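Structural overview for review
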Amino acid sequence: MLKEPTNEAVAFGLDSTLTMRAPTLDDAAAQLELVRQADIELHGASFVTLEEIISDWTQPGYDVANSTRAVFNEQGEIVGYVEIWDVHSVPVRPYMWAYTIPDYRGRGIGTALFRWGEQRARQAIERVPEDAQVTLITDINRKLVPARELVEANGMTTERSSWSMGITMTEAPPSPQWPEGTTVTTQAELNDLKAVYQALRDSFQDHRGFVDEPLEAGFKRWSHWIETDTKVKPSNIFLAMDGEQIAGLVICRSEAYDDAESTYINILGVNRAYRQRGLGTALLHHTFEQSWRQGMRKVSLHVDASSLTGATRMYERAGMYVKSVSDAYEKVLRPGRELSRQ
């Protein structure tokens, strides 16, 4: 149950014209406008929907009242917002996302949101082994210079970055060259979400930040996203099969969050046992081909710029280019044994 809204603005040094409290589902429309402003500032467009905001806020294990704070102006508009994601069973890397709209910057809102976010992230320490390191993380687009300065002033540092990559196809893409014995199907045909999730876990165990957890816990959150995002269709979840085994997969949205004319690759993964055979490239080309057939000439994705599996090189060889760069910032909240993949 959501808590009764209370104003925390004074406690965090904000002026009396602002209200800081946990949002409720009644505030989802106001939150949508803030997210759209963020997308427009960074990408020039936004196609986020109200249903996507509600889907995030109602994800299993996510407590809006305890994990978010919004700053409202006197008109009831959300002018600043922060959320902490620590829904993983072993939350050693709580994630912060925060944004203040341009007209309200310079009034201490960003600092207040960061202070609240760090305090909230420290709650994760109680839920991890006593000897484990807990690290607050966030990603900041390089265009947002004030945000970078703010997190650096509050002790966050960066050593890695992520890329937003894309391709605009001016002619039909090359046909995928599948490794011998590989067939391709879709989730619509396989109709086994749990098998798809297991394949996803297997393919991302070498991804930076990966932390293992019980299958059912992760599946519950992931299936909620799959079932509530209307842009993710079973026919756009492509599965490379080796007999009964899912060797690799691609999960696509029919449109990107910032471009309705672009297919968006949420996930592309290959099981460790099937790497170095050209399967990742085949899956990528298959996605290009299917997008072309559906009348979509653009495809985009996000990737760790220092991917441990060499994903960036594969995307570049396929003709994708870097559209924008975000830096991954970290702050160790408690030192100890690193449980996540590095």
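Structure's up top.
Let me begin by describing the structure that accompanies this report. (Residues numbered from 1 in each chain as written. Predicted model: local features only at pLDDT ≥ 70, side-chain atom pairs only at ≥ 80, totals over all residues. Heavy atoms only, no water.)

On to helix 7 (residues 193-203), then. Listing the buried residues of helix 7 in full gives Leu193, Val196, Tyr197, Ala199, Leu200, Arg201 and Ser203. Elements that come into contact with the buried residues of helix 7 comprise helix 6 (187-190), helix 8 (215-228), strand 8 (237-242), strand 9 (245-253) and strand 10 (262-270). (Buried < 20%, exposed > 50% of the residue type's maximum accessible area, 1.4 Å probe, protein only. Helix = DSSP H or I, 4+ residues; strand = E, 2+ residues; numbered from the N terminus. Contact = heavy atoms within 4.5 Å.)

With that out of the way, let us pick up the pairing of strand 12 (residues 321-334). Sheet topology places strand 5 (residues 134-141) next to strand 12; 8 bridges connect them, and they run antiparallel. Each residue of the ladder has a partner; that of Leu136, found in strand 12, is Lys331. Two strands pair when backbone bridges link them, and strand 6 (residues 157-168) and strand 12 are joined in this way by 9 bridges, in the antiparallel orientation. Within strand 12, the residue paired with Gly166 across the bridge is Tyr321. (Pairing = 2+ DSSP bridges.)

On to the environment of Asn66. By the element assignment, Asn66 lies in helix 3 (residues 64-67). Considering only alpha carbons, one finds Asn66 and Cys252, 186 residues apart in sequence, at a separation of 31 Å.

Before going further, it helps to spend a moment on the pattern of salt bridges. Going through the model one piece at a time under the given rule, you end up with 25 salt bridges. Ionic pairing is found between Glu118 and Lys331, a salt bridge with its closest N-O pair at 3.0 Å. Here Glu118, found in helix 4 (residues 109-121), pairs with Lys331, found in strand 12; they are 213 residues apart in sequence, far enough to count as distant. Neither residue differs from the other here; Glu118 and Lys331 are each classed as buried. Where Arg201 meets Asp212, a salt bridge forms, and the shortest distance between an N and an O atom there is 3.1 Å. (Salt bridge = Lys/Arg side-chain N within 4 Å of Asp/Glu carboxyl O.)

A full pass over the atoms with the stated rule returns 8 aromatic pairs. Seen in terms of ring centroids, Tyr81 and Trp97 are 6.1 Å apart; in terms of plane orientation they differ by 55 degrees. Their pairing is tilted. Separated by 16 residues along the polypeptide, Tyr81 in strand 3 (residues 78-85) and Trp97 in strand 4 (residues 95-100) bring together distant segments of the chain. The class of Trp97 is partly exposed, set by a relative accessible area of 24%. An aromatic cluster is defined as three or more aromatic residues linked by ring pairs; in this entry it consists of Trp57, Tyr81, Trp97 and Tyr99. (Phe/Tyr/Trp six-rings, centres within 6.5 Å; stacked < 30°, edge-to-face > 60°.)

With that settled, the discussion passes to unusual backbone geometry. Unlike most non-glycine residues, Asn191 shows phi in positive territory, near 55 degrees. Within the secondary structure layout, Asn191 lies in the loop between helix 6 and helix 7. For Asn191, a relative accessible area of 64% puts it in the exposed group. Despite not being glycine, Gln276 shows a phi value in the positive range, around 65 degrees. Residue classification places Gln276 among the exposed positions, given a relative accessible area of 79%.

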